[in-house]
Amino acid sequence: MLSDIPSRSCRQLAIPNVFTIPPGVPFLDALVAALLEGRLVPGFSRNVGPLGLAGATLYLPSRRAARALASTIADQMGTTAFLPRIRALGALEQDGLADGALFDDDLAAPPVAAIDPLERRMILTRLILAWSGSVRHALVTVAPDGQREVAEHENFVVATTAADAWHLAGELATLLDELIIEDVPWKRLQPLGTEAFDRYWAVTLDFLDIAVTQWPAILADRGRVDPAGLQARLIDFEIVRLHRPGHHPGPIVVAGATGSNAATGRLMACIARLPQGAVVLPGLDQGLDEAAWEAIDGTAFEAGSGASHAQAGFRRLLPALGVGRRDVVALGAVPEGVRARNRLVSEALRPADTTDAWQALVLDPAILSAPAALDRVAVIEAADEREEALALALALRETLDGPGTAILVTPDRTLARRVKEELTRWDIAIDDSGGETLAHTGAGALARLALAAAHSDLAPVPVLALLNHPAVRLGRPRHQVSRLARLIELAVLRTALPAGALLDPSAAMAAAR
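Summary of the structure given here. Residue numbers run consecutively from 1 along every chain, following the written order of its sequence. Given that this is a predicted model, residues contribute local features only at a pLDDT of at least 70 and side-chain atom pairs are listed and counted only at 80 or more, while totals for whole chains, interfaces and linings are drawn from all residues. Excluding hydrogens and water, the side-chain figures rest on all heavy atoms present in the structure.

Observations concerning unusual backbone geometry
Point 1. Even without glycine at this site, D427 takes up a positive phi of about 60°.
Point 2. Runs of E in the DSSP output that reach at least two residues are strands. Runs of H or I that reach at least four are helices, and both are numbered from the N terminus. Tracing the chain through its elements places D427 in the loop between α17 (413-423) and α18 (442-455).
Point 3. Only protein chains enter the area calculation, which uses a 1.4 Å probe; residues under 20% of their type maximum are buried, those over 50% are exposed, and those in between are partly exposed. Of the residues examined, D427 reaches a relative accessible area of 74% and is grouped as exposed.
Point 4. At L474, a residue that is not glycine, the phi angle is positive and equals roughly 55°.

A short note on a negative patch on the surface
Point 1. A patch is a set of surface residues, each over 30% in relative accessible area and not in a salt bridge, joined within 9 Å for like charges and within 5 Å for the nonpolar side chains Val, Leu, Ile, Met, Phe, Trp and Tyr. Each accessible area value is a Shrake-Rupley result obtained with a 1.4 Å probe; residue values ignore everything except the protein chains displayed when judging cover. One side-chain nitrogen of Lys or Arg within 4 Å of one carboxyl oxygen of Asp or Glu is enough to make a salt bridge. Asp and Glu are treated as the negative residues and Lys and Arg as the positive ones, with His and the ends of the chain left uncounted. Just so you know, the charge point we use is NZ for Lys, CZ for Arg, CG for Asp and CD for Glu. A cluster of acidic residues, D384, E385, E387, E388 and D412, forms a negative patch at the surface.
Point 2. Looking at where E388 falls in the secondary structure, it is placed in helix α16 (residues 385-400).
Point 3. Residue classification places E388 among the partly exposed residues on the basis of a relative accessible area of 34%.

A short note on the environment of N468
Point 1. Mapped onto the secondary structure, N468 falls in the loop between α19 (460-467) and α20 (478-493).
Point 2. By relative accessible area, which is 45% here, N468 ends up partly exposed.
Point 3. In this structure the C-alpha to C-alpha distance between N468 and A485, which are 17 residues apart in sequence, comes to 7.1 Å.
Point 4. Any two residues whose heavy atoms approach within 4.5 Å at even a single point are treated as in contact. Aside from chain neighbours lying at most four places away, what touches N468 is R478 and A485.

Some thoughts on the packing of aromatic side chains
Point 1. Only the six-membered ring of Trp is used, alongside the rings of Phe and Tyr, when aromatic pairs are assigned; centres must lie within 6.5 Å, and planes under 30 degrees apart are stacked while those over 60 apart are edge-to-face, with the rest tilted. Tallied over the full model, the rule gives 0 aromatic pairs.
Point 2. Put simply, a charge is over a ring when the Lys NZ or the Arg CZ is close to the ring centre, within 6 Å, and near the line of the ring normal, within 35 degrees. R425 extends its terminal NZ or CZ atom over the ring of W426, reaching a point 5.7 Å from the ring centre.

Points about a nonpolar patch on the surface
Point 1. Where nonpolar side chains cluster on the molecular surface, the patch consists of L118, M122 and W166 and spans about 300 Å² of accessible area.
Point 2. Of note, M122 is situated in helix α6 (residues 117-134).
Point 3. For M122, a relative accessible area of 49% translates into the label partly exposed.

Observations concerning the nonpolar core
Point 1. Put simply, buried Ala, Val, Leu, Ile, Met, Phe, Trp, Tyr and Cys residues joined by side-chain atoms within 4.5 Å make one nonpolar core. Counting residues in hydrophobic clusters, the biggest one holds 32 residues, and the most contacted among them are M268, I271, L281, L318 and L321.
Point 2. Broken down by secondary-structure element, the contributors of at least two residues to this core are α9 (227-242), β8 (252-255), α10 (262-271), β9 (277-282), α11 (290-295) and α12 (312-321).
Point 3. Per element, the largest residue contribution to this core is 6 residues, and it comes from α10.
Point 4. Other than its neighbours up to four places away in sequence, L321 contacts P16, V18, M268, A269 and R273.
Point 5. V25, L35, A66 and L331 belong to the second-largest nonpolar core, a separate cluster that totals 29 residues.

Quick word on the packing of α19 against α20
Geometry of a packed helix pair, given as the angle between the helix axes and the separation of the axes.
Point 1. As a packed pair, α19 and α20 sit with axes 10 Å apart at the nearest point and diverge in direction by 165°. On the basis of the axis angle, α19 is roughly antiparallel to α20. Handedness of the crossing formed by α19 with α20: left-handed. Touching P460, L464 and L467 of α19 are R478, V481, A485, I488, E489 and L493, all from α20.
Point 2. Tallied by class, the residues present in the contact of α19 with α20 amount to 7 nonpolar, no polar and 2 charged. The convention used is that axes are lines fitted to C-alpha atoms, helices contributing only their stretch in contact, and that angles between N-to-C directions extend from 0 to 180 degrees. Working rule for angles: under 35 degrees goes down as roughly parallel, over 145 as roughly antiparallel, 65 to 115 as roughly perpendicular, anything else as oblique. Note: crossing handedness is left-handed where the near helix turns anticlockwise from the far helix by less than a right angle, and right-handed where it turns clockwise. All amino acids are sorted into three groups, where Ala, Val, Leu, Ile, Met, Phe, Trp, Tyr, Cys and Pro are nonpolar, Asp, Glu, Lys and Arg are charged, and the leftover types, Gly among them, are polar.

The structure is reproduced here in structure tokens:
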């Protein structure tokens, strides 16, 4: 396999050069400072001059991080200089193939392209609809006397509509990418015996057969690969290029990646061993005791208490990098209060099998300074979602009224939208890094209202909602549309109209009279 080539060459290179930036230290500021001061890559610092800086290559997890890094480098340089090559690991298929940055002329890019995600999902939807029709009676058997024996759950229906199949196609596409990312071959699913289990297990395995047999054949016919598969191939080709005899890539750094992607982990392992290579990990816990660290299962995906630990990815990555946790060099100074908070979070996330160590914290409170760890930490008890959003909006506004910067971090997209709307009452527009779906934009909301009105045969409520949208003009000034909408509501829509009456103006007028 291609991935075997770089792994053999990596073992012949230098001692790994691995760093970490602890939580509480500004990541990009500390990264750039270490790079320019010569603490990151041996023999490389700001002293190489404005042209020498362009010889370095830095890999960041995303394009957003790459843009922020470029801005940080420009700020810390203070003079005009050519920026290093900054690549986003999550966009190699666009960046690398677009400008040829990843490959030399004598090492061509893989002659394949990734299938469009929308096309993939539509094809999987069609396959799932065909599969659902074949399993409608999967749990119905015929007895020797010819009588039908129906399973306990007779109403066994899967993906009976296109919408259900579309949803399942998205889940199946995610599974395809996850198995590729974790480098798990599909053949590992085939030995799963289902004879001793409920027949639903056999139906589930039959569903996965779409991805095991049918989908690879479709990709082969089209000459395409999955997006995650192309990403892995690009990284493997880059590893081969970096370790060709006589090739000197210059300073190269991978920063901010956790190695959760198997292909990215291989790239990090090879770059860490380059003479001018370095890997910078985000937030490796070096304060956790060895017993707890060993209890974190970074290799097996079983139901152990450590398998889901926040440091499980690093527990699996460090052996691949060839370094121990104590050998990783920390960059940046952590303030005392932040150090105490990091220790508190580390202890709170301790694997359950080692929580007996908490007794030492009770017996000797000096080990963990709770007041320092909880300094400036507040708890707000909200009665409902609206009060929660309003409280957060007030906290953001209070911070913005002063010299500070406020950031709301939440995985709840609904809460983020509520807070954003609450801030509009003070004319505060915030930058939502999570983006905004088309359905929640102004144009998307208008399109949804128009579709709802058409789908309901111009029912009164959807029509009134459409007319009240500020973007609806109907060839007239907006104030005229608002006035006419109010008249239509009072004179027509508040009467008892039959279904579809607005499609027939004469029927609507008759009902209004």
